[in-house]
Protein chains: 2
Amino acid sequence: MGMGTALALLDAGFQVAGYDVDPLKLDRFADDGGIACASAAELAGHADRVITMVVNAEQVESVLFGEQGLAPALRGGLLLQSATVAPAWVRDLDARLADAGVELLDAPVSGGPVRAREGNLSVMLSGPAARRERAADVFDAAAANLFVMGDDIGQGSAMKLVNQLLAGVHIAVSGEAMAFALKSGLDAREVYRVITASAGNSWMFENRVPHILDNDYAPKSAVDIFIKDLGLVLDTARGSRFPLPMAAQAFTLFTMASSAGLGREDDAAVVKLWQRLSDITLPDGR
Amino acid sequence: MGMGTALALLDAGFQVAGYDVDPLKLDRFADDGGIACASAAELAGHADRVITMVVNAEQVESVLFGEQGLAPALRGGLLLQSATVAPAWVRDLDARLADAGVELLDAPVSGGPVRAREGNLSVMLSGPAARRERAADVFDAAAANLFVMGDDIGQGSAMKLVNQLLAGVHIAVSGEAMAFALKSGLDAREVYRVITASAGNSWMFENRVPHILDNDYAPKSAVDIFIKDLGLVLDTARGSRFPLPMAAQAFTLFTMASSAGLGREDDAAVVKLWQRLSDITLPDGR
């Protein structure tokens with residue numbers, strides 16, 4: 001998604017510098033007209049606004065405060081932080097960046113690589129109005145939906161966690177429902193046709209069940225991503241002693257799937273749990 | 001939904017006779033041009049095709065085999081059974097009706113009273129082709145979507161249970177997600193706007209969360225309906241030793257809600273569990 005967004009910004013006429021741990025990606029980016037940097041710190045020599053689009057908080061830490069990290073170099077600049085992280089962590093990050101003279105926007109995204117490349121991400125944004133204004137042209141080019149959740153750092157990430165709670169539960173129950181349908185002797189494609197036209201539908205059911213029908217578990221988004229994201233949801237809720245029984249059950253199913261060796265498969269592979277535990281036959285994709 | 005469907009069939013030019021335990025409903029039906037019957041058995045004097053649209057299997061039993069019941073009178077006729085019931089139960093019903101000389105179609109519906117009145121129900125139909133043909137004009141008038149699941153009695157009900165599994169889980173997690181959002185300090189209406197445009201959306205989230213936003217728990221579909229429907233799902237799965245952890249968790253939440261005195265409120269009232277268990281404040285609808 002980072003590469004997609006960088007290319008979308010190039011298309012929109014921005015000068016864009018990029019850094020990635022994978023040098024092949026940087027070569028490709030340079031071929032496409034971007035400026036390839038040899039470290040995160042180098043980015044600050046080309047831009048005073050930087051987007052972090054990485055997997056988790058640990059990677060953001062590494063980019064900002066690791067060896068040749070960005071934070072000390074970006075003094076006076078603005079960081080748009082887009083990884084899915086805990087609200088409490090990003091509030092703490094805001095304080096640490098303030099010490100380094102860097103402004104922060106809490107800007108988690110959703111939409112996946114294809115929509116990133118088209119400049120059509122959804123952004124769940126929070127932060128002071130002046131900082132949001134400072135990044136307005138970037139969001140204009142990179143996002144189709146800009147949801148401003150408030151002035152406080154953490155509100156964007158809180159919104160993202162609510163979305164991930166729903167998304168994770170919907171993926172898990174899509175697998176459970178398809179397994180139950182197969183156990184009941186129903187035709188999987190017919191079930192898909194009925195549910196997508198009925199009150200049982202969800203965005204995730206409509207998007208993920210085709211992977212089951214086509215027997216295609218190449219990871220568009222992997223099982224382990226939802227262990228991370230539902231883990232953040234549950235850790236955040238535990239911090240305020242708040243019960244989330246549906247999210248906890250879905251987390252257990254993703255953990256079972258990862259334990260069974262499916263962690264790097266597409267998250268739709270959670271349906272394989274029922275295959276291992278029963279006599280159902282999943283569609284063979286033919 | 002029975003009244004709505006009866007009126008839709010009248011609109012379509014059918015002669016329609018009706019029976020309901022509530023005499024006021026029958027008076028209204030007569031005023032609208034229907035034939036009001038004094039018992040279920042009397043229906044067979046006016047029609048050889050009868051729809052049962054009641055709450056559960058017990059009510060179907062009463063209509064068919066109770067005092068002044070329909071089954072003995074309907075010899076040679078066709079029953080379109082539309083209540084949500086267990087596949088095993090409807091297969092058994094088929095055998096019992098065959099003994100009485102009555103044909104059965106397994107025809108659960110979804111859509112609610114408004115779509116019933118418009119003749120726009122969804123029907124998840126199964127049964128032998130000749131029986132389906134015998135009812136084709138009725139479905140033409142009453143349904144917008146006719147999903148033929150197969151020739152075997154029970155397949156329609158199996159499909160309906162898959163839908164109810166998803167619907168029940170989606171309602172429960174909608175309450176959980178909105179409660180978590182409120183705990184996180186987010187604005188409820190803004191969360192609704194974001195989720196309905198994001199990957200966390202479901203048909204049920206979009207339909208039920210407005211009841212929470214408007215503080216309107218007048219039952220369109222009550223908490224206790226999902227205790228019944230998820231109970232059927234879990235009973236059916238238990239019969240074949242099939243694990244449904246997401247459905248089981250949602251069932252527990254609806255049971256908690258009913259235990260807390262919310263059984264006759266709208267199913268969106270499951271969110272009130274978190275209100276009772278924490279310091280969140282639900283929207284006041286103003």
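Quick caveat: nothing in here was measured; it's all calculated off a predicted structure. Along each chain, residue indices are assigned from 1 in the same order as the chain's sequence is written. As they are written, the chains are lettered A onward and the ligands numbered 1 onward, keeping that order. With pLDDT at 70 or above as the cut-off, local features in this predicted model cover only qualifying residues; side-chain atom pairs require 80 or more to be listed or tallied, and sums for whole chains, interfaces and linings still use all residues.

Novice: Whenever I open this one, the overall build of chain A confuses me. Can you help?
Specialist: Strands are runs of DSSP state E lasting at least 2 residues, helices are runs of H or I lasting at least 4, and numbering of each runs from the N terminus. Secondary structure summary: chain A contains 14 helices and eight strands in total. What you see for chain A is a C-alpha radius of gyration of 20 Å, in line with the 19 Å of a compact globule of 286 residues. Each principal axis of the C-alpha distribution contributes one length, and for chain A these read about 65 × 45 × 35 Å. As a rule, residues whose C-beta atom has 12 or fewer other C-beta atoms within 10 Å are exposed, those with 20 or more are buried, and those in between are partly exposed; C-beta atoms are placed from the backbone. Residues counted as buried form 51% of the 286 residues belonging to chain A. Think of it this way: build a C-beta for each residue from its backbone, and any pair within 7 Å is a contact. Pairs at least 24 apart in sequence give 66% of the contacts found in chain A among residues at least 6 apart. C-alpha atoms define the radius of gyration, and 2.2 Å times the number of residues to the power 0.38 defines the globule rule.

Novice: Would you mind going over the confidence of the model for chain A with me for this structure?
Specialist: Interpretation of this model should avoid reading the predicted coordinates in detail wherever pLDDT is low. Confidence of the predictor in every single residue is expressed as pLDDT, which spans 0 to 100. Averaged over all residues, the pLDDT of chain A is 97; the fraction at 70 or higher stands at 100%. Here the predicted complex carries an ipTM of 0.96, next to a pTM of 0.96.

Novice: Help me understand the nonpolar core, please; the structure alone is not making it clear to me.
Specialist: Generally speaking, soluble globular proteins have nonpolar side chains that are buried together. Defined on buried residues, the nonpolar core groups Ala, Val, Leu, Ile, Met, Phe, Trp, Tyr and Cys residues joined through C-beta atoms within 7 Å. The biggest cluster of nonpolar side chains holds 201 residues, and the ones touching the most others in it are Val270 of chain A together with Val270 of chain B. Those residues in contact with Val270 of chain A, other than ones at most four positions away along the chain, are Ile171, Ala172, Gly175, Val223, Leu253, Phe254 and Ala257 of chain A.

Novice: Would you explain helix 3 (residues 57-65) of chain B in this entry?
Specialist: Given 3.6 residues per helical turn, the α-helix brings residues three or four places apart onto the same face. Residues and elements named next belong to chain B. Three or more residues of helix 3 are buried, namely Val60, Val63 and Leu64. Within helix 3, the buried residues cover an arc of 90° as seen down the axis, which keeps them to one side. Those residues of helix 3 that are buried lie in contact with strand 3 (49-52) and strand 4 (78-81). In this description, the arc belongs to the directions extending from the helix axis to the C-beta atoms.

Novice: Which parts of the structure should I look at to understand the relation of the copies chain B and chain A?
Specialist: Both copies of the chain are related through a single rotation about an axis accompanied by a shift along the same axis. In superposing the copies, a least-squares fit is computed on C-alpha atoms, taking residues whose pLDDT is at least 70 in both. It takes a turn of 180° to lay chain B on chain A, together with a shift of 0.0 Å along the axis; the resulting RMSD is 0.1 Å. Those values place the two copies in the arrangement expected of a two-fold rotation axis. The C-alpha atom lying nearest the rotation axis in chain B is that of Ser202 of chain B; the distance is 1.9 Å. Most of the interface of chain B is mirrored in chain A, where 100% of its interface residues again form contacts.

Novice: Would you take a moment to explain unusual backbone geometry for this structure?
Specialist: Negative phi is the rule for most residues except glycine; trans is the rule for most peptide bonds. Although it is not a glycine, Gln68 of chain A sits at a positive phi angle of roughly 50°. The residue Gln68 of chain A is located in the loop between helix 4 (57-65) and strand 4 (78-81) in this model. Despite not being glycine, Arg241 of chain B shows a phi value in the positive range, around 55°. Relative to the assigned elements, Arg241 of chain B resides in the loop between helix 11 (223-239) and helix 12 (245-262).

Novice: I would appreciate a short explanation of the interface of chain B and chain A in the present structure.
Specialist: When the parts of a complex come together, some accessible area is lost, and that lost area is often taken as the interface size. Taken together, the contact between chain B and chain A spans 53 residues of the former and 53 residues of the latter. Counting residues per element, the ones that place at least two in the side of chain B that touches chain A are strand 7 (121-126), strand 8 (143-150), helix 8 (155-183), helix 9 (188-195), helix 10 (203-213) and helix 12 of chain B. Tallying contributions element by element places helix 8 of chain B first for the side of chain B that touches chain A, with 17 residues. Tallied by class, the residues present in the side of chain B that touches chain A amount to 35 nonpolar, 15 polar and three charged. Charged means Asp, Glu, Lys or Arg here, nonpolar means Ala, Val, Leu, Ile, Met, Phe, Trp, Tyr, Cys or Pro, and polar covers whatever is left, Gly included.

Novice: Would you take a moment to explain the domain arrangement of chain A for this structure?
Specialist: All names here are of chain A. Domain delimitation in this document rests on an assignment produced automatically or drawn from a domain database. For chain A, the assigned domains are domain 1 (2-153) and domain 2 (158-277). Residue-level contacts link eleven residues of domain 1 with eleven residues of domain 2. At the level of elements, helix 5 (87-99) and strand 8 (143-150) are the ones that each hand at least two residues to the side of domain 1 that touches domain 2. Here the residues of the side of domain 1 that touches domain 2 are counted per class, giving eight nonpolar, three polar and no charged.

Novice: What's the story with the packing of helix 8 of chain B against helix 11 of chain B in this structure? I'm lost.
Specialist: Angle between the axes and distance between the axes: these two values describe a pair of packed helices. Residues and elements named next belong to chain B. A fitted line through C-alpha atoms represents every axis, and for helices the fit uses only the stretch in contact; the resulting angles, taken between N-to-C directions, go from 0 to 180 degrees. As a packed pair, helix 8 and helix 11 sit with axes 9 Å apart at the nearest point and diverge in direction by 125°. With respect to their mutual orientation, helix 8 and helix 11 come out oblique. Where helix 8 crosses over helix 11, the handedness of that crossing is left-handed. Contact residues: helix 8 offers Leu161, Gln164, Leu165, Gly168 and Ile171, while helix 11 offers Phe226, Asp229, Leu230, Leu232, Val233 and Thr236. We call two directions roughly parallel when the angle between them is under 35 degrees, roughly antiparallel when it is over 145, roughly perpendicular when it lies between 65 and 115, and oblique otherwise. By definition, any crossing whose near helix is turned counterclockwise from its far helix by less than a right angle is left-handed, and any crossing with a clockwise turn is right-handed.

Novice: Even after reading the chapter, I still don't get the environment of Pro219 of chain B, so can you show me in this structure?
Specialist: Residues and elements named next belong to chain B. On the secondary structure map, Pro219 appears in the loop between helix 10 and helix 11. Judged by C-beta crowding, with 16 C-beta atoms within 10 Å, Pro219 ranks as partly exposed. Put simply, Pro219 and Glu206 are 13 residues apart on the chain and 17 Å apart in space, counted from C-alpha to C-alpha.

Novice: Quick question: what am I supposed to make of the packing of helix 10 (residues 188-195) of chain A against helix 8 of chain B here?
Specialist: Packing of helix 10 of chain A against helix 8 of chain B leaves a shortest axis separation of 11 Å and a crossing angle of 55°. Here helix 10 of chain A lies oblique to helix 8 of chain B, going by the angle between them. Here the hand of the crossing between helix 10 of chain A and helix 8 of chain B comes out right-handed. For the pair helix 10 of chain A and helix 8 of chain B, contact is made by Val191, Val194 and Ile195 of chain A and by Met159, Val162, Asn163 and Leu166 of chain B, respectively. Its residues assigned to classes, the contact of helix 10 of chain A with helix 8 of chain B comprises six nonpolar, one polar and no charged.

Novice: Teacher, can you tell me more about the pairing of strand 4 of chain A here?
Specialist: Look at any regular strand and the pattern is simple: side chains alternate between the two faces of the sheet. Residues and elements named next belong to chain A. The two faces of strand 4 match: Leu78 and Leu80 on one face and Leu79 and Gln81 on the other face are all buried. Across four bridges, strand 3 (residues 49-52) lies against strand 4 in parallel orientation. Among the inter-strand pairings, Arg49 is bridged to a residue of strand 4, identified as Leu78. Every crossover in which the path from the first strand over the helix to the second runs clockwise, viewed with the strands pointing away from the viewer, is termed right-handed. Handedness of the strand 3-helix 4-strand 4 crossover: right-handed. The rule for pairing is simple: two strands pair if DSSP sees at least two bridges between them. Summarising the sheet, strand 4 and strand 5 (residues 103-106) pair through four bridges and their orientation is parallel. Looking at strand 5, one finds that Gln81 is bridged to Asp106.

Novice: Looking at this structure, how should I read helix 10 of chain B?
Specialist: Here helix 10 of chain B has its buried residues at Trp203, Met204, Phe205, Arg208, Val209, His211 and Ile212 of chain B. Residues of helix 10 of chain B that are buried sit in contact with helix 9 (155-183) of chain A together with helix 8 and helix 9 of chain B. Immediately beyond the C-terminal end of helix 10 of chain B, within one or two residues, lies Asn215 of chain B, with a positive phi of roughly 50°.

Novice: Honestly, the pairing of strand 7 of chain B in this entry has me stumped. Any pointers?
Specialist: Residues and elements named next belong to chain B. A large share of strand 7 lies buried, amounting to six of its six residues. Pairing of strand 6 (residues 109-110) with strand 7 involves two bridges; the strand directions are antiparallel. For Ser110, the partnering residue across the bridge sits in strand 7 and is Ser122. In this structure, strand 7 lies alongside strand 8, joined through six bridges in parallel fashion. Following the sheet pairing, Leu121 is matched in strand 8 by Ala143.

Novice: Just to check I follow, could you spell out the environment of Ala100 of chain A for this structure?
Specialist: Within the secondary structure, Ala100 of chain A sits in the loop between helix 5 and strand 5. Excluding anything up to four places from it in sequence, Ala100 of chain A contacts Ala71, Pro72 and Arg75 of chain A.

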